[in-house]
Amino acid sequence: QVQLVESGGGWVQAGGSLRLSCLASGLTFSKYAMGWFRQRPGEAREFVASITRSGDMPDYADSVKGRFTISRDNAKNTVYLQMRSLKPEDTAVYFCNALNWEEGSDFWGKGTLVSVSS
């Protein structure tokens, strides 16, 4: 049974930092590209960042470039999202995603809430 469990969310003032973690189990972590998405109340889920299986070639939404950093530790089956210079508009539920195109496998975590106050 595949599980993706996010942690590290919480409340922070604007300009602050948080680091999200996503621990994966039940899959071969190194075979999956990993990503972070977020969903604000009443809005569609949107892409935040992704990282390839080997950890190179990170990709970011324009809205978070220069502020967020995605990384992974394949030995720990964990992907991270370091968030700096947080803004109120970053307030959302953040979801972890694992994707393997070849196998057609796509898994999601249940999300962690990030609240940024002005």
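In this text the structure is predicted, and so the values were computed from the model without any measurement.

Chemist: What should I look at first to understand the overall build of the chain in this one?
Modeler: When you go through the chain residue by residue, the secondary structure sums to zero helices and 11 strands. When its helices and strands are written in sequence order, the chain yields β-β-β-β-β-β-β-β-β-β-β. Principal-axis analysis of the C-alpha atoms gives the chain an extent of 40 × 25 × 25 Å. Expressed as a percentage of its 118 residues, the buried residues of the chain come to 42%. When contacts within the chain are restricted to residue pairs at least 6 apart in sequence, long-range pairs at least 24 apart make up 54% of them. Roughly 6200 Å² of accessible area belongs to the chain as shown, and the carbon and sulfur atoms make up 50% of that amount.

Chemist: Would you mind going over the side chain of Asn97 with me for this structure?
Modeler: Structurally, the position occupied by Asn97 is in strand β9 (residues 92–100). The class for Asn97 is buried, based on a relative accessible area of 6%. A distance of 2.6 Å separates the side chain of Asn97 from the side chain of Asp106, its partner in a polar contact. Once you skip the residues sitting within four places of it in the chain, Asn97 turns out to touch Leu4, Ala33, Met34, Gly35, Phe37, Asp106, Phe107 and Trp108.

Rules used in this analysis
Going along each chain's sequence as written, the residues are numbered from 1 onward. Whole-chain, interface and lining totals are the exception, using all residues; otherwise, since this is a predicted model, local features are given only for residues with pLDDT of at least 70 and side-chain atom pairs are given and counted only at 80 or more. Side-chain metrics rest on all non-hydrogen atoms present in the structure, leaving aside hydrogens and water. Numbering of helices and strands runs from the N terminus, with a helix taken as a DSSP run of H or I at least four residues long and a strand as a DSSP run of E at least two residues long. Categorising residues by exposure relies on relative accessible area from a 1.4 Å probe, with only protein chains included: less than 20% of the type maximum marks a residue as buried, more than 50% marks it as exposed, and the intermediate range marks it as partly exposed. For this analysis, residues touch if any pair of their heavy atoms sits within 4.5 Å. Each accessible area is a Shrake-Rupley result for a 1.4 Å probe, and residues are judged covered by the shown protein chains and nothing else. Think of a polar contact as two N or O atoms within 3.5 Å of one another; within protein, one of them needs to be a possible hydrogen donor and the other a possible acceptor, and neighboring residues in sequence only count if both atoms come from side chains.

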